[in-house]
Amino acid sequence: MGGGSWATALAKVCLERGRRINWYMRRPEQIEKFQESGHNPSYLQNVDFDLSRINFYSDINELVENSDALLFVMPSPYLKSHLEKLTVPISDKIVISAIKGIVPDENVLISEYFQTKYGVNEDNIIVVSGPTHAEEVSMERLSYLTFACHSSEMAKTAAEWMACDYIKPIISDDVYGVEYGAVLKNVYAIAAGICHGMKCGDNFQAVLISNAIKEMNRFLSAAAENGTRDINSSVYLGDLLVTSYSKFSRNRLFGSMIGKGYSVKAAQVEMEMVAEGYYGTKCITEINKKYGVNMPILETVYNVLYNKQWAKREIKDLTSKLE
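The structure displayed is predicted, hence computed values, not measured ones.

Cut-off values and rules
- Residues numbered from 1 in each chain as written.
- Predicted model: local features only at pLDDT ≥ 70, side-chain atom pairs only at ≥ 80, totals over all residues.
- Heavy atoms only, no water.
- Helix = DSSP H or I, 4+ residues; strand = E, 2+ residues; numbered from the N terminus.
- Rg over C-alpha atoms; globule rule 2.2 N^0.38 Å.
- Buried < 20%, exposed > 50% of the residue type's maximum accessible area, 1.4 Å probe, protein only.
- Contact = heavy atoms within 4.5 Å.
- Areas by Shrake-Rupley, 256 points an atom, 1.4 Å probe, with all protein chains shown as cover.
- Salt bridge = Lys/Arg side-chain N within 4 Å of Asp/Glu carboxyl O.
- Pairing = 2+ DSSP bridges.
- Axes fitted to C-alpha atoms, helices over the stretch in contact; angles between N-to-C directions.

**Student:** Sorry if this is basic, but what is going on with the overall build of the protein here?
**Tutor:** Tallying secondary structure elements over the protein gives 15 helices and nine strands in all. By the compact-globule yardstick of 20 Å for 323 residues, the protein fits well, its C-alpha radius of gyration being 19 Å. Dimensions of the protein, computed from C-alpha atoms along their principal axes, come out at roughly 55 × 40 × 35 Å. Expressed as a percentage of its 323 residues, the buried residues of the protein come to 54%. A separation threshold of at least 6 residues defines the contact pool for the protein, and within that pool the share at least 24 residues apart is 71%. Only carbon and sulfur atoms are counted for the fraction: they give 45% of the accessible area of the protein, which is about 14400 Å².

**Student:** What exactly am I supposed to notice about the pattern of salt bridges here?
**Tutor:** Note that side chains of opposite charge can pair when their charged atoms are close. Scanning the entire structure with this criterion turns up eleven salt bridges. In this structure, the salt-bridge partner of glutamate 16 is lysine 12, at a minimum N-O distance of 3.4 Å. For glutamate 16, a relative accessible area of 34% puts it in the partly exposed group. Connected via shared salt-bridge partners are Lys12, Glu16 and Glu140.

**Student:** So what exactly am I meant to see when it comes to the sheet that holds strand β3 (residues 69-72) here?
**Tutor:** Paired through their backbone hydrogen bonds, the strands of a sheet run either parallel or antiparallel. Ordered in space as β3-β4-β7-β8-β9, the five strands form an open sheet in which the pairing is mixed. Because the sheet does not close on itself, it has two edges, and the strands there are β3 and β9 (167-172). Each neighbouring strand pair of the sheet contributes to a mean axis angle of 25°, computed without reference to strand direction. Across four bridges, β3 lies against strand β4 (residues 94-97) in parallel orientation. Looking at β4, one finds that leucine 70 is bridged to valine 95. Of the strands in this sheet, β3, β4 and β7 (125-129) touch helix α5 (residues 110-118), which is tilted by about 160° from β7. Relative to the sheet, helix α7 (residues 152-162) contacts β3, β4, β7, β8 (143-148) and β9, its axis offset from that of β9 by approximately 175°.

Rendered as structure tokens:
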């Protein structure tokens, strides 16, 4: 469910083992162009698909009726608008979330939203995350995905659906930790991008990211106590590293433009893609009012993005708080 680059990459993964998929895209014209060309007309155009194994839907209710498992792959700010037309119950479905964000305005994790709003059992909700850029997955470069679920058997089932030569699955029970980590790494990637745009240099970037993983760990320890976690695992530290350093990272690009002097709005318009960290910054800041965790990097990014503070001054103030 979704028509962006990450959705396209995961659709390719799901088709690797010869099965059929149902694919929901909101815009009928995108589906028409897809069917004419054999590839997504807007994202990852180098990936060709066997259309005989895809059932396309622009009607979300029709798709849900004909599907047992729902893989949500759209930016978190659009989730509610996608679901507002949903009238078919999904409480009996397997829900897999590859959304690396929080539901804006609700300030709840995606898994919590499906539990409370749609009555999906927590054992039927799987969160997929890890250091995986859609571009590299589409090129079949070796990638590791973590499947987190309160039910280890359900996590293994979802992992089997997506395992292939270039996707290696990892099973986890740290559902909320994995979700929060996926949000925070985008926030820290924006910080890394701001510093890159300001030409702060690799030495300081190393200090920033080493402090970021400690800041993430402090928050996860407070907000996601249950679950087995090693903060140095690929789904936490690995995802933070690739999002902060990779040329494919849209959050790093967004931050870099801010560091070069772009306004927030100008950067968003020029990118023509959603930087999840922009929304995640506000959500985590509001959630942290409950926990009071010391998060100077988050505060710096929030001041730049939402309080319209000068990035150079904010980063200079941040340097005295890092170690």
